Each structure stands twice: as structure tokens, then as C-alpha cells.
Amino acid sequence: MSSVRLTDGRVLHFPDYDALNVEGDIPVADDGDLAACVPLIPSCELLLFTGRLVSSARKRRRQPRWAEVNAARLRLARLCIDQASSEWDSVQEVTQ
């Protein structure tokens, strides 16, 4: 699981294990929900969260049950990278 503290203090867990259904399937967020999450992530945590998403997808890359979740993780990672590049000055200031 990947997690990050949001700007309002809440913690975002991806995927959300509380949403498991009866069969134990892991629900995948749609692209609209993923895009809505990105602005809530503080600039200083965008790259860290991106790394966690990619690492999690890599660890479970051969497990068919995780295929859709891994694809969603990588889409969210791309959105985070795009956000970090657009806010690069603020990302750099915090990390220095």
C-alpha cells in the first residue's frame, strides 16, 4: 500500500483496503478520482509518493490480481509527476 498525508491532514491510502468487496477484489479508482487526489497532495510529498506508487507496482507486477491496481498506481504516479513538474520551484524549495 502507498500512503501520503494530504494538505488537510488526512492520509490517503492507495489502494483503499477498506473498500474491498465480498470476493476480496480490490476496487480500482477511475481516472477522475485519481486526478482529484493529486491537488490534495502537498508539493513536498509528490515525488516521495510517486516513488512509493512505482515501487508498489513493481513488487506486485507478476500477480494478476494486482494488474488493474498497478495500472492505476502508474497513472496516479504520472499525474503526480506532471503536478511536480508544473510546481517544480515549490518542490525544489521544500527539498533543499
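Residues numbered from 1 in each chain as written. Predicted model: local features only at pLDDT ≥ 70, side-chain atom pairs only at ≥ 80, totals over all residues. Heavy atoms only, no water.

### A short note on the confidence of the model for the protein chain
Chain-level pLDDT for the protein chain is 80 on average; 80% of the residues reach the 70-or-more range. Looking at the elements of the protein chain, mean pLDDT is at its lowest for helix H4 (residues 88-95), recorded as 66, and at its highest for helix H3 (residues 67-86), recorded as 92. (pLDDT = per-residue confidence, 0-100. Helix = DSSP H or I, 4+ residues; strand = E, 2+ residues; numbered from the N terminus.)

### Thoughts on the packing of aromatic side chains
In this structure the tally under the stated criterion is zero aromatic pairs. Directly above the ring of Trp66 sits Arg60, whose terminal nitrogen or CZ lies 4.5 Å from the centroid. (Phe/Tyr/Trp six-rings, centres within 6.5 Å; stacked < 30°, edge-to-face > 60°. Lys NZ or Arg CZ within 6 Å of the ring centre and 35° of its normal.)

### Side note on the environment of Leu48
Mapped onto the elements, Leu48 comes out in helix H2 (residues 46-59). You can call Leu48 partly exposed: its relative accessible area is 45%. Placed 44 residues apart in sequence, Leu48 and Val4 show a C-alpha to C-alpha distance of 8.6 Å. (Buried < 20%, exposed > 50% of the residue type's maximum accessible area, 1.4 Å probe, protein only.)

### Notes on the nonpolar core
In this structure, Phe14, Ile41, Phe49, Leu76 and Cys80 are the most contacted members of the largest nonpolar core, which totals 16 residues. Broken down by element, the residue count for this core peaks at five residues, all from H3. Apart from residues lying up to four places away in sequence, Leu76 is in contact with Phe14, Leu34, Val38, Phe49 and Leu53. (Core = buried A, V, L, I, M, F, W, Y, C linked by side-chain atoms within 4.5 Å. Contact = heavy atoms within 4.5 Å.)

### Description of H3
Here H3 spans 29 Å end to end across 20 residues, near enough to the 28 Å set by a 1.5 Å rise per residue. For H3, the full list of buried residues reads Val69, Asn70, Ala72, Arg73, Leu76, Ala77, Cys80 and Ala84. Seen from one end, H3 has its buried residues packed into an arc of 155°, which puts them on one side. Seen from the open side of H3, the exposed residues pointing more than 90 degrees away from its buried face are Glu68, Arg78 and Ser86. (Expected span 1.5 Å × (residues − 1). Arc of directions from axis to C-beta.)

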